[in-house]
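Letter by letter, the chains look like this.
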Amino acid sequence: MPWSAVTRGALAAGPLLLVAVLVDRTSLGVVAAVAAMLAGMNDRPGSRRVSVRRLGAPALAGAAGLLVGVYVGDRVGAVALTAVLTGLGLLAGRMSAVGPVASGAGTQLLVGAAIGAGMPVPDPGWACALAFLAGAGWLLALRLALPTPGAMTGDFRFDGERDAVARVYDAVAELIDAAGAEDALARRAALTAALDHAQDALAGPRLRRYASSSAERRLHAQYAAALPLAEAATALAWAGEPLAERSSAGPRRLAAAVRENRPPGPLPAPSRSGPALRALDDALLDAADAFDQGGGGELHTRRRGTRALLRAALGAGGREYGLRVALSFGASAAVAQALYHSQWYGRHTHWYWLPATAVFLVKPDLGPLVSRVLCRAAGTVLGALLFAGFAAVLPRPGGLVALVALCGALIPVSIRHFAAQTAVATVLVLSLVMVGGEPQASAARIAETLLACAIVLVVGHLPMPGERGGQVRARLAAAADAAHAYLVHVLADSEAPTASTAPAGPDSSTGSVALAGSRASDGHASRGPASEAPLGHARSEASTGRLGHHGPDAAFDGPGAAFDGPAGVDGPAGVGGSDDRATRWTLRREAYRTLAEARTASALAAHELPAVARHTEGTDEVAAVLERLVDTTTACAVHLDDTGRLTDRHRAQLTELLDELAEGRRRVGLPEPAPRPRPAG
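Residues numbered from 1 in each chain as written. Predicted model: local features only at pLDDT ≥ 70, side-chain atom pairs only at ≥ 80, totals over all residues. Heavy atoms only, no water.

(A) The overall build of the chain, seen in detail. Per the secondary structure count, the chain includes 24 helices and 4 strands. Relative to its full complement of 681 residues, the chain shows a buried share of 56%. Contacts spanning at least 24 positions in sequence make up 79% of the contacts within the chain whose residues lie at least 6 apart. (Helix = DSSP H or I, 4+ residues; strand = E, 2+ residues; numbered from the N terminus. Buried < 20%, exposed > 50% of the residue type's maximum accessible area, 1.4 Å probe, protein only. Contact = heavy atoms within 4.5 Å.)

Now the structure itself:
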């Protein structure tokens, strides 16, 4: 039970509405309570810094939408208003393709516009926008100020970050335990999710460029120390050999040390019988040093610039989703206004429900379309029936204000299921409308919800310009590009791998890659004491290597080649400085993060109706190949750190995966990645 979120929800919408009723500004209180409800839907576990962006950006967009809706709704006719709302839908849909926060902002932009145009209030538009910001700001202030129950260790301001970093070490230990088991892939995916969550928690908005407090710097150092552990654990899972329980004891002790804000103490040393185990042991030693010193560390994030954001919004994925949102929102607004002017359900001054419902239904990040429609319909019917019963017995307005507070507390609990969230939100909104002076309207809300469901279902299956499944392909292409950059860096910036120019037997005629490991001057890579190289690894200075090629421009060539890397790149004598490893970890984090996003988008598309799902058929298989390729690349990086060359198994696995990926890209229509220059560092 998320007690802290429940407490915030209970103290948000209800008290705001109560204060507004007491000072006779009920209409503004209703707007503020709606904003608090919407902010509560975005109030997810994480750090306080992240909540500033996660709650603040959508609130600003919602206030802007409310302002536009109020002023445009008062000054133009129904046709012009529908055109304006359709344009906002196109903008919000394209915004949603950028990422989760932008998606939340797009949602509140449209909901705010629908409320501003379809729920007339006696107050001016600027006052409504300020009330909206005040409602969301109040919940954000509660999020920043209230400590998390049961998390009083250390500075409570960083309890979200502390829990996120501890979960990373837990996930590392679980992945090590799963080595050689069937659930190893699922444990590796869980590790990726934990790293993504911790990275986001620590990289939230800040006034200063660097962490200013010792507690925060220590958490940054502890997160950075987990990255080589995660790399070693991934290599161990890739090897597929069961390990002794002692191997995961160290990461578990580090997780407990993070949670309890104390030194880890002595860490059990794993066996050093293989390259990945030696990497794990060295990473544990470095983690112990980082915990003792706590001097800060890099988060290894790759900031997306304005050009990348615009490319995501204006690309195929943003275009397809923008058109679908625009059609759904515009058609719902047009139908709602037609019903409002015809007075088919009596004399009501509000028509916002139908377009606002369509906004939530058209959001793909809330589940497959048919599932969203069914859950929304069931939740609305249940919520409307519950409210009808409450309205018959509760005193007004005190009882309804208490009901709003209760629903606000239930929002964080109900968010686990779309139907439950819809039922709670329906009761809350109907309570607000009745407090604002409207009669009980449960039947009308059910009818409008069913209409919105029908509209979104029809629009969701209409043919669209361009290729369907653009959002899934855009995510998959981003994951393939990130995997390409990571693989090229691992192979090109090490002295170990060589793409042999000699024929590779029968496979050479098919263009398969023949990789040969380069050797040190004595035929083996040397390994020195921990002090001789970063993270305890050293290599022979006599070793040099080249990422060779068959053709003039490709590191891998032939029909089976999936990646076109830099031709003839000379590697350094050794990985050497920490900059190279920092670049590698940044590329690895980006590869796994984009891969997780692609897998999520592909899985959601696969659960649509067959008429829609067929447009993304095969993308899940390409994502699975990419996942295995990134895992193999990580195993290669760890092995190269230790021995300076690849084994036959690494070379064969890379060749097989590159061939599979090339075939998969052609099958689903993904473009080939452009050749990249050798990464600096």
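Now that the structure is up, let's keep going.
(B) Local environment of helix α17 (residues 398-414). Its 17 residues give α17 an end-to-end C-alpha distance of 24 Å, which sits within 8% of 24 Å, the value for a rise of 1.5 Å per residue. Restricting attention to buried positions, one finds in α17 the residues G399, L400, V401, L403, V404, A405, C407, G408, A409, I411, P412 and S414. If you follow the buried residues of α17, they end up packed against α1 (3-10), α2 (13-22), α3 (26-41), α16 (369-393) and α18 (418-435). (Expected span 1.5 Å × (residues − 1).)

(C) Examining the pattern of salt bridges more closely. Applying the stated criterion across every chain, the model contains 28 salt bridges. Put simply, D281 and R272 hold a salt bridge, and the shortest N to O gap is 2.5 Å. D281 gets classed as buried once you look at its relative accessible area, which sits at 10%. Overall, the relative accessible area of 31% leaves R272 in the partly exposed class. Taken together, the salt bridges that share partners define one network made up of E231, R581, R584, R588 and D641. (Salt bridge = Lys/Arg side-chain N within 4 Å of Asp/Glu carboxyl O.)

(D) The arrangement of unusual backbone geometry in detail. Backbone torsion omega between R396 and P397 reads 0°, so that peptide bond is classified as cis. Residues other than glycine seldom take positive phi values, yet N261 does so here, at roughly 55°. Along the chain, N261 falls in the loop between α11 (249-260) and α12 (275-293).

(E) Region of interest: helix α10 (residues 214-239). Compared with the 38 Å implied by 1.5 Å per residue over 26 residues, the 38 Å span of α10 between its first and last C-alpha is a close match. Positive backbone phi, approximately 75°, marks G240, located one or two places after α10.

(F) Inspection of the side chain of Q421 at higher detail. Mapped onto the elements, Q421 comes out in helix α18. Residue class for Q421 comes out buried when judged on its relative accessible area of 10%.

(G) Looking closely at the packing of aromatic side chains. One pass over the structure, following the stated rule, counts 2 aromatic pairs. Ring centres 5.8 Å apart and planes at 80° place the aromatic pair Y169 and F291 in the edge-to-face group. In this pair, Y169 sits in helix α8 (residues 159-177) while F291 sits in helix α12, placing the two residues 122 residues apart along the sequence. In this structure, Y169 and F291 share a single accessibility class: buried. Over the ring of W238 we find R649, and its NZ or CZ is 4.1 Å from the ring centre. (Phe/Tyr/Trp six-rings, centres within 6.5 Å; stacked < 30°, edge-to-face > 60°. Lys NZ or Arg CZ within 6 Å of the ring centre and 35° of its normal.)

(H) Focus on a nonpolar patch on the surface. There is a patch of nonpolar side chains on the surface, built from L60, L67, Y71, W126, L130 and L133 and spanning about 570 Å² of accessible area. Those elements that place two or more of their residues in the nonpolar patch are α4 (48-75) and α7 (125-145). (Patch = residues over 30% accessible without salt bridge, like charges linked within 9 Å, V, L, I, M, F, W, Y side chains within 5 Å. Areas by Shrake-Rupley, 256 points an atom, 1.4 Å probe, with all protein chains shown as cover.)

(I) Structural context of the nonpolar core. Counting 89 residues, the largest nonpolar core has M37, L38, L85, F387 and L432 as its most contacted members. Grouped together as the second largest cluster of nonpolar side chains are 46 residues, A164, V172, L195 and A287 included. (Core = buried A, V, L, I, M, F, W, Y, C linked by side-chain atoms within 4.5 Å.)

(J) Spotlight on the packing of α10 against helix α23 (residues 619-643). For the pair α10 and α23, the least separation of the axes is 8 Å and the interaxial angle reads 110°. The angle between α10 and α23 places the two elements in the roughly perpendicular class. By crossing handedness, the relation of α10 to α23 is classed as left-handed. Facing α10, whose interface residues are E231, A232, T234, A235 and W238, α23 presents D631, T632, T634, A635, A637 and V638. A per-class count over the contact of α10 with α23 returns 6 nonpolar, 3 polar and 2 charged. (Axes fitted to C-alpha atoms, helices over the stretch in contact; angles between N-to-C directions. Parallel < 35°, antiparallel > 145°, perpendicular 65-115°, else oblique. Left-handed = near helix turned anticlockwise from the far one by under 90°. Nonpolar A, V, L, I, M, F, W, Y, C, P; charged D, E, K, R; others polar.)

(K) How the structure looks around the environment of A377. Among the structural elements, A377 can be located in helix α16. Classification of A377 by relative accessible area gives buried; the value is 17%. In the structure, A377 is positioned 73 residues away from L450 in sequence and 6.3 Å away in space, judged by C-alpha atoms.

(L) Structural view of the side chain of E161. Mapped onto the elements of the fold, E161 is located in helix α8. By relative accessible area, E161 is classed as buried at 2%. Residues within four places of E161 in sequence aside, it is in contact with S47, R48, R49, A201, L202 and L219.

(M) Local environment of the confidence of the model for the chain. Scored by pLDDT, the chain has a mean of 78; 79% of the residues are at 70 or more. A low-confidence stretch, residues 495-577 stays under pLDDT 50, and its non-local contacts, those more than four residues away or across chains, total 197 contacts. Taken together, the stretch residues 676-681 has pLDDT below 50 and engages in 16 contacts with residues farther than four places along the chain or on a different chain. (pLDDT = per-residue confidence, 0-100.)

(N) Seen up close, the packing of helix α15 (residues 353-361) against helix α19 (residues 442-460). Their axes nearest at 9 Å, the elements α15 and α19 cross at an angle of 45°. As the angle between them shows, α15 and α19 are arranged oblique. In this structure, the crossing between α15 and α19 has a hand that is right-handed. In contact with W353, L354, T357, A358 and L361 of α15, α19 contributes R445, E448, T449, L451, A452, C453, I455 and V456. Partitioned by chemical class, the residues of the contact of α15 with α19 number 9 nonpolar, 2 polar and 2 charged.

(O) Molecular detail of the environment of P15. Assignment of secondary structure puts P15 in helix α2. The sequence separation of P15 and V401 amounts to 386 residues, and the corresponding C-alpha distance is 8.1 Å.

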